[in-house]
Each structure stands twice: as C-alpha cells, then as structure tokens.
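Below are the chains, spelled out letter by letter.
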Amino acid sequence: MTATARTPAKINLALKVGPLRPDGFHSLATVYQAVSLYDEVRAHPAARGQFTVAVTGEGAGVVPLDDGNLAIRAAKLLAKKYGVTEGVDLHINKTIAVAGGLAGGSTDAAGALVACNELWGVGASREDLLGFAALLGSDVPFCLVGGNAIGTGRGEITSPVLARGSYEWVLAYSDRGLSTPSVFATFEELSGDVVDEPEVPADLMTALRSGDPYQVGQCLTNDLAESAIRLCPSINQTLEVGEECGALGAIVSGSGPTCIFLAGDDAHAIDIAVALASSGTCRTVQRATGPVGGARLITG
Ligand code: C5P
C-alpha cells in the first residue's frame, strides 16, 4: 500500500512583519492564498526506523535528503506522536520552486503529514494535523488549510477569509533561491529598532470580499520585498516587466525571490507570461489560479 498527497504552493497577498519575538520569529499578519501549483508526496511503507526521501522535478538537486528535509521531519513527528514503529520512504515530485517564497518545503511537510496519516492509519484529526504542522514551520498549517486565510502569530495561526473570485496569477522564478532567515535578518537591519505590531490591511480584506481583481491588485503588499531585493537586485527588473504589461498587481512572494503578477483574465495572463519569459530577467515562468484547496490525498 502507498498513500499520495497533492499539496499546493502559497502566495502572500499581504505580508506585514512586526517585531522580533523572544523565540527568534517575527510576529506576522499575512493573507495567504493557495494556488494551483502542486507538489506530490508519495509515502511507501519501509522497515522499522527507516525514514528516507527521494526528490524529483523542479529544483530536486538542491533539496536536502536528511533531517533538513521538512517532509522527513513531518513523518518522524507523526510516527513519534502515535507510537508508529514502521518507517516510511517518501517520494516528492516537485513543481514548486525551492527557496522561492512559495512555501515549497512547508507544503511538502503538509503533504507528508496527510500521506503518512493515511499510510499508517493513525487517524489523526484535522485539528491534530494542524497542531503538528505548527510545530514544523510557520507556513505548514496554511498548506493544510488552503483557500484564502489570514495568518497571525508567526504565521501559523490561520483563520478563513471571506472572499470571492478566482484569480489568474503569473509567477516568475529567479535563477537563485533566497534563504528565509537571511531575508528576515536583512529586514531587521533595514527596519531598525522600532517596528509596529502588524495588522492585516483593511483595504485588501474589502477588495477580497468584492472579488474584483483590479481592487485586489492595488492592495498587494509585502514588508519583506525590500529585503529580498537587497539580496537579489534582479527582482526589480522582473517586477518592471510585469508592470509594463499592465499587471493588476506585481509583488515579491513571501521571502522571495519569486515574483507574482495578477492578470485581469486568461489572455492577459498569457501576455504577461510571454513578456516575462522573453525578457531574460527570470529563469522560468508559470501560470496558476487561486484560491485552491490545501493538501489532499489523491488516488494513484
Ligand atoms: O517557520 P519557518 O521554519 O518557515 O521559518 C524559517 C525561518 O524564517 C525562521 O527560522 C526565522 O528565521 C524566519 N521567520 C521569522 N518570522 C516568522 C517566520 C519565519 O523570523 N514569522
């Protein structure tokens, strides 16, 4: 028997960063959206104590295969919580950029929780899984939940957003990744001592309720953008290309360096994607729609 989960990328429509907390994390107020780019996490039974991961697809060569891999940590955590003695061989097929600000590693952990829960038949409830997800990383709970959600705390406390509409996105991958801790460290350097407690922008919430992509595009905001650009200046050129094509919104995703562009419709998304792909300012361009659901079991 094997169990396979399909698990989405996330983007941040708003990412407001607050003060550094005593635990080393920053308080956040963010609005997440899950988008239709998926990794697949397949769990195969393995001998007692054996936990392995193999990775194929986008960025496979740079994904850690030891305990640095969040999916392995997720499987070990679930086994420990339920006293499972078997091991697991995970196979991750990636579509989502590694170190791209799209929660690629976090979503693989969410997928591993869902797949191992099924493989081992331990019957963890959704609430249980959300609790384990929060122990693994700030974005992992949202990757289970999907849709549109507000994230508070360090990002791990999610609550649903009243939202309408489906949104057409174009994503531009950089030829390099950015480490999330170094982007937050740069944020610390740039922001100085006084940082206010973050709040979810009211204008974005109104725009999401209206379902109007023009309004939503105007409200995209990311406090980490300046830090990501400091570490990866080519982001500026990528953003300019999308803006010149009339993107309704253009912003760095999460801690970057992936840039996201909101299109008015399908034809507009094609125009933006073609312009970005031929601009030489980014490595790969992908299209996605959102919101989509969170990590789910699939058959096959
Ligand atoms: O929670 P996650 O493992 O994704 O976080 C990775 C790193 O990003 C943390 O170790 C921390 O340096 C930084 N971070 C932060 N504040 C957050 C989330 C992440 O400083 N709210």
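Bear in mind the structure is a predicted one, so any value in this text is a computation, not a measurement. (Residues numbered from 1 in each chain as written. Predicted model: local features only at pLDDT ≥ 70, side-chain atom pairs only at ≥ 80, totals over all residues. Heavy atoms only, no water.)

Let us look at the packing of aromatic side chains. Applying the stated criterion across every chain, the model contains three aromatic pairs. On the basis of an interplanar angle of 10 degrees and a centroid distance of 4.5 Å, the ring pair of Tyr 32 and Phe 142 is categorised as stacked. With Tyr 32 in strand E2 (residues 26-46) and Phe 142 in helix H4 (residues 140-145), the pair connects residues that are 110 residues apart, well separated along the chain. Residue Tyr 32 is classed as buried on the basis of its relative accessible area of 1%. Judged by its relative accessible area of 0%, Phe 142 is buried. A centroid spacing of 6.0 Å and a plane angle of 85 degrees characterise the contact between Tyr 82 and Phe 132, whose relative ring orientation is edge-to-face. (Phe/Tyr/Trp six-rings, centres within 6.5 Å; stacked < 30°, edge-to-face > 60°. Helix = DSSP H or I, 4+ residues; strand = E, 2+ residues; numbered from the N terminus. Buried < 20%, exposed > 50% of the residue type's maximum accessible area, 1.4 Å probe, protein only.)

On the secondary structure map, Arg 287 appears in strand E11 (residues 284-290). Distance from Arg 287 to Leu 37, taken between C-alpha atoms, is 8.3 Å for residues 250 residues apart in sequence. Residues contacting Arg 287, with those up to four places away along its chain left out, are Leu 37, Glu 168, Trp 169, Val 170, Asp 266, Ala 269, Ile 270 and Ala 273. A polar contact is formed between the side chain of Arg 287 and the side chain of Glu 168, at a distance of 3.0 Å. Among the polar contacts listed, one links the side chain of Arg 287 to the side chain of Asp 266, at a separation of 2.6 Å. (Contact = heavy atoms within 4.5 Å. Polar contact = N/O pair within 3.5 Å; in protein donor to acceptor, adjacent residues only side chain to side chain.)

A separate point is the nonpolar core. Core analysis: the biggest nonpolar cluster contains 39 residues, and Leu 78, Val 88, Leu 90, Leu 113, Cys 116, Trp 120 and Leu 144 have the highest contact counts within it. When residues of this core are traced back to their parent elements, those giving at least two are strand E1 (3-20), E2, strand E3 (51-57), helix H1 (70-82), strand E4 (87-94), helix H2 (104-120), helix H3 (126-136) and H4. Residue contributions to this core peak at nine residues, all from H2. Among residues more than four places away in sequence, those in contact with Leu 90 are Val 41, Arg 42, Ala 43, Thr 52, Val 53, Ala 54, Ala 71, Ile 72, Ala 75, Ala 112 and Cys 116. In terms of nonpolar packing, the next biggest core, distinct from the first, is built from 28 residues, Leu 13, Val 31, Tyr 167 and Met 205 among them. (Core = buried A, V, L, I, M, F, W, Y, C linked by side-chain atoms within 4.5 Å.)

What follows deals with the environment of Cys 232. Topologically, Cys 232 is positioned in the loop between helix H8 (225-231) and helix H9 (235-244). What makes Cys 232 buried here is its relative accessible area of 2%. For the pair Cys 232 and Leu 276, spaced 44 residues apart in the sequence, the C-alpha separation amounts to 17 Å. Look past the residues within four positions of Cys 232 in its chain and what remains in contact with it is Ser 174, Arg 176, Leu 178 and Pro 257.

This part takes up the pairing of strand E10 (residues 259-263). In terms of burial, E10 is largely enclosed, as five of its five residues are buried. Of the two faces of E10, both are covered, the one formed by Cys 259, Phe 261 and Ala 263 as well as the one formed by Ile 260 and Leu 262. Sheet analysis places strand E7 (residues 167-173) next to E10, joined by five bridges and oriented antiparallel. Bridging across to E10, Leu 171 finds its partner in Ile 260. Pairing of strand E9 (residues 249-252) with E10 involves four bridges; the strand directions are antiparallel. Residue pairing across strands places Val 252 opposite Cys 259, the latter belonging to E10. Taking the residues between adjacent antiparallel strands as the criterion, E9 and E10 are bridged by six residues, where Gly 254 takes a positive phi near 50 degrees. (Pairing = 2+ DSSP bridges.)

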